[in-house]
Amino acid sequence: GQQVMQIPQYQHVQEGEDFTTYCNSSTTLSNIQWYKQRPGGHPVFLIQLVKSGEVKKQKRLTFQFGEAKKNSSLHITATQTTDVGTYFCAGRKNTGGFKTIFGAGTRLFVKA
Amino acid sequence: SQTIHQWPATLVQPVGSPLSLECTVEGTSNPNLYWYRQAAGRGLQLLFYSVGIGQISSEVPQNLSASRPQDRQFILSSKKLLLSDSGFYLCAWSVQAGVNTGELFFGEGSRLTVL
């Protein structure tokens, strides 16, 4: 079945350092979404990428969708303690359907 | 505005007991509805999704079932819980907009502990 792999599983950084999480799919995706889940909370939507090679920015966050629409990345510049949480990528198959498959997530720890 | 309600927030159940988690969405019509499960420190596993009343697609074989008796109501059930059913259950909805449906809106989650 469709799988979405995400690495690393955990990342510890010092406040001010950069952070990147990577997402890879075994099949071509129609879109990729990114979510953030704070400890004890529920996932909250960050962004959706649809086009091949697309790059979007939200303040210190940069999201990329690969040319082949099989991989994606989230990069945070100069992390802050408020960035703590788990970041999930989620993709949908190119053949349609309504199910969104999540990666395992990358848990970010930021030390002040 | 749209809201999603999920309950109960927390429950502790003995092995072999039944389960019913309920989710309702307000402020939208004909949403796609989803049940996900998140084991401790793990990712989100899609359990069921529904595109309409009475239409349920199951993603993994298990002793859980889902029903959609009304357009904006989604219920997760089990007749006999197993220890492995423990986890954080999340209901979500999205707009039905063709192939490229949009973002998922999650409920607050239901934390189930089976003893």
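Parameters and conventions
Residues numbered from 1 in each chain as written. Chains lettered and ligands numbered in written order. Predicted model: local features only at pLDDT ≥ 70, side-chain atom pairs only at ≥ 80, totals over all residues. Heavy atoms only, no water. Helix = DSSP H or I, 4+ residues; strand = E, 2+ residues; numbered from the N terminus. Rg over C-alpha atoms; globule rule 2.2 N^0.38 Å. Buried < 20%, exposed > 50% of the residue type's maximum accessible area, 1.4 Å probe, protein only. Contact = heavy atoms within 4.5 Å. Areas by Shrake-Rupley, 256 points an atom, 1.4 Å probe, with all protein chains shown as cover. Core = buried A, V, L, I, M, F, W, Y, C linked by side-chain atoms within 4.5 Å. Buried area = accessible area lost by both parts, 1.4 Å probe. Salt bridge = Lys/Arg side-chain N within 4 Å of Asp/Glu carboxyl O. Polar contact = N/O pair within 3.5 Å; in protein donor to acceptor, adjacent residues only side chain to side chain. Disulfide = S-S within 2.5 Å.

Caption draft 1: Here's a closer look at the overall build of chain B. Broken down by element type, chain B carries zero helices and 11 strands. When the helices and strands of chain B are placed in sequence order, the string is β-β-β-β-β-β-β-β-β-β-β. What you see for chain B is a C-alpha radius of gyration of 14 Å, in line with the 13 Å of a compact globule of 115 residues. Here the C-alpha coordinates of chain B stretch approximately 40 × 25 × 20 Å along the principal axes. Taken across its 115 residues, chain B has 45% of its residues classed as buried. Contacts in chain B between residues at least 24 apart in sequence constitute 55% of all its contacts with a sequence separation of at least 6. About 5300 Å² of surface is accessible on chain B, with carbon and sulfur atoms providing 53% of the total.

Caption draft 2: Looking closely at the overall build of chain A. Helix and strand content of chain A: zero helices and 11 strands. Going residue by residue from the N terminus, the α and β elements of chain A occur as β-β-β-β-β-β-β-β-β-β-β. Against the compact-globule benchmark of 13 Å for 112 residues, chain A has a radius of gyration of 13 Å, which places it among compact chains. For chain A, the spread of C-alpha atoms along the principal axes amounts to about 45 × 25 × 20 Å. Out of the 112 residues in chain A, the part that is buried amounts to 49%. Sequence-distant contacts in chain A: of pairs separated by 6 or more residues, those separated by 24 or more amount to 56%.

Caption draft 3: Examining the nonpolar core more closely. Residues Ile 32, Trp 34, Phe 63 and Phe 102 of chain A together with Tyr 36, Leu 104 and Phe 106 of chain B are the most contacted members of the largest nonpolar core, which totals 34 residues. By size, the runner-up hydrophobic cluster in this structure holds 20 residues, among which are Val 25, Trp 35, Leu 112 and Val 114 of chain B.

Caption draft 4: Representation of the interface of chain A and chain B. In this complex, chain A contributes 22 residues to the contact, which on the side of chain B involves 23 residues. Where chain A abuts chain B, roughly 1800 Å² becomes buried across the two surfaces, and 55% of that area is made up of carbon and sulfur atoms. Counting across the interface, chain A meets chain B through zero salt bridges. For the pair chain A and chain B, the number of links is four residue pairs in polar contact (both at pLDDT 80 or more). Contributions of two or more residues to the side of chain A that touches chain B are made by β4 (29–37), β5 (44–49), β9 (85–93) and β10 (101–102) of chain A. Among the elements that make up the side of chain A that touches chain B, the one with the highest residue count is β4 of chain A (five residues).

Caption draft 5: Region of interest: the state of the cysteines. Residues and elements named next belong to chain B. In total, this model carries two disulfides over all chains according to the counting rule given. Here Cys 23 connects covalently by a disulfide to Cys 91, the sulfurs 2.0 Å from one another. Sign of the S-S torsion, about -75 degrees for the bond between Cys 23 and Cys 91, identifies this disulfide as left-handed. Here Cys 23, found in strand β3 (residues 19–26), pairs with Cys 91, found in strand β9 (residues 87–94); they are 68 residues apart in sequence, far enough to count as distant. Neither residue differs from the other here; Cys 23 and Cys 91 are each classed as buried.

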